[in-house]
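Each chain is listed here by its residues.
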Amino acid sequence: MTTLTAPAPTRTDGLRQTLLLAQWQLRRQSQYLPLMVVVQVFMAVATVVGYGLLVGDPDPVTALFLATGAPTITLITVGLVMVPQMVGQARIEGSLDWMRTLPVPRVAFLLSDLLVWTLIALPGMALGVLAGVLRFDVDLSIAPWFLPATLLVSLTAAAVGYAMATVLPPQLAMLLTQALVFVVLLFSPVSYPAERMPGWLQTAHQWLPIEPMAQLVRAGLAQETFAMPARSLVVLVTWAVVALAGAAVALRRRA
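Attention in this report is confined to the structure presented alongside it.

Quick notes on the rules
- Residues numbered from 1 in each chain as written.
- Predicted model: local features only at pLDDT ≥ 70, side-chain atom pairs only at ≥ 80, totals over all residues.
- Heavy atoms only, no water.
- Helix = DSSP H or I, 4+ residues; strand = E, 2+ residues; numbered from the N terminus.
- Buried < 20%, exposed > 50% of the residue type's maximum accessible area, 1.4 Å probe, protein only.
- Contact = heavy atoms within 4.5 Å.
- Areas by Shrake-Rupley, 256 points an atom, 1.4 Å probe, with all protein chains shown as cover.
- Core = buried A, V, L, I, M, F, W, Y, C linked by side-chain atoms within 4.5 Å.
- Patch = residues over 30% accessible without salt bridge, like charges linked within 9 Å, V, L, I, M, F, W, Y side chains within 5 Å.
- Salt bridge = Lys/Arg side-chain N within 4 Å of Asp/Glu carboxyl O.
- Expected span 1.5 Å × (residues − 1).
- Axes fitted to C-alpha atoms, helices over the stretch in contact; angles between N-to-C directions.
- Parallel < 35°, antiparallel > 145°, perpendicular 65-115°, else oblique.
- Left-handed = near helix turned anticlockwise from the far one by under 90°.
- Nonpolar A, V, L, I, M, F, W, Y, C, P; charged D, E, K, R; others polar.
- Phe/Tyr/Trp six-rings, centres within 6.5 Å; stacked < 30°, edge-to-face > 60°.
- Lys NZ or Arg CZ within 6 Å of the ring centre and 35° of its normal.
- Polar contact = N/O pair within 3.5 Å; in protein donor to acceptor, adjacent residues only side chain to side chain.

1. Examining the overall build of the protein chain
Within the protein chain, the regular secondary structure consists of ten helices and zero strands. By residue count, 48% of the 255 residues in the protein chain fall in the buried class. Long-range pairs, those at least 24 residues apart, make up 82% of the contacts in the protein chain between residues at least 6 apart in sequence. As presented, the protein chain carries roughly 13,000 Å² of accessible surface, and 70% of it is formed by carbon and sulfur atoms.

2. Focus on the nonpolar core
Grouped together as the largest cluster of nonpolar side chains are 63 residues, with contacts concentrated most on Leu110, Trp117, Phe136, Val153 and Tyr162. Apart from residues lying up to four places away in sequence, leucine 110 is in contact with Tyr162, Leu244, Ala247, Ala248 and Leu251.

3. Digging into a nonpolar patch on the surface
Taken together, the side chains of Leu15, Leu19, Leu115 and Leu119 present a nonpolar region at the surface, about 340 Å² in accessible area. Counting only elements with at least two residues in the nonpolar patch, the list comes to α1 (11–28) and α5 (106–136). Of note, leucine 15 is situated in helix α1. Given a relative accessible area of 51%, leucine 15 falls into the exposed group.

4. Examining helix α6 (residues 146–167)
The terminal C-alpha atoms of α6, which comprises 22 residues, lie 31 Å apart, in line with the 32 Å expected from a rise of 1.5 Å per residue. Extensive coverage of α6 is indicated by the burial of 16 of its 22 residues.

5. So, unusual backbone geometry
In this model, aspartate 137 sits at a positive phi of 55°, which is unusual for a non-glycine residue. The topology assignment puts aspartate 137 in the loop between α5 and α6.

6. Remarks on the packing of helix α2 (residues 33–55) against helix α3 (residues 60–93)
Where α2 meets α3, the closest approach of the two axes is 9 Å, and the angle between their N-to-C directions is 140°. With respect to α3, the element α2 is oriented oblique. For the crossing formed where α2 meets α3, the hand is right-handed. Only Leu66, Ala70, Ile73, Thr74, Thr77, Val78, Met82 and Met86 of α3 make contact with α2, whose side of the interface consists of Met36, Gln40, Met43, Ala44, Thr47, Val48, Tyr51 and Val55. A class-by-class count of the residues in the contact of α2 with α3 yields twelve nonpolar, four polar and no charged.

7. Brief notes about the packing of aromatic side chains
Scanning all chains against the criterion turns up one aromatic pair. Look at phenylalanine 65 and phenylalanine 226: their rings are 5.0 Å apart centre to centre, the planes differ by 75°, and that puts the pair in the edge-to-face class. Of this pair, phenylalanine 65 sits in helix α3 while phenylalanine 226 sits in the loop between α9 (210–221) and α10 (230–253), and the two are 161 residues apart along the sequence. Just as phenylalanine 65 is buried, phenylalanine 226 falls in that class too. One Lys or Arg, arginine 218, reaches over the ring of phenylalanine 226 and ends 5.7 Å from the middle of that ring. Of note, arginine 231 hangs over the ring of tryptophan 207, and the distance from its end group to the ring centre comes to 4.4 Å.

8. Observations concerning the side chain of threonine 77
Checked against the element boundaries, threonine 77 lands in helix α3. Separated by 2.7 Å, the side chain of threonine 77 and the backbone oxygen of isoleucine 73 make a polar contact. In terms of polar contacts, threonine 77 uses its side chain to reach the backbone carbonyl oxygen of threonine 74, at 3.1 Å. In contact with threonine 77, not counting residues within four places along its chain, are Met43, Met82 and Val184.

So, in structure tokens, the structure goes:
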């Protein structure tokens, strides 16, 4: 008697499932997408205008920090603030548990979610670059690797936010996002040099992902003025890998 077995899933099948899940996620959130884009645009423009009011007429280097900081802040806040809030809300209402009952690998589910949030963050980033250039009248020297660098920053921020939302209790994760807004805007070397911060805070940011994200975007937009330290790239990639692993383990454990 011959026993029939289902063929083992291939990489092509996994990629197709991930893309189909991402398409489904975009359609499911279609009514909120315009609002998300509006919020990103407002944040990018408000950051440029607000910092411009604070510093007045900055010198060229300060202007570059401000112009490149606005798109970075947009990318980071989408991943570290919007993602945990939306995932936390999905956990509270039970929709996340229902989605995990779908007959697809947990990794495909995670990657599709991260792909959606990465794409959602890009329009605000682009408008942030435009607003910064127009407001501070700076000349950018965009590196050829800027686009993949932007995708890495957006993916890392979304992965960290997703891991935070799946590992921590939903209420705690959503509350933590409120504090992260102030950390990113005021106490992170995104729109100003790290040398302006206290020594202990500089040391902390050497191990946190926010400063490497800012350095990568800054170097990608103004490669003739700024450089990306190799150590910061290692820190950023490490955070991305650890966050992805943490979120994947949490999804499997809660299945």
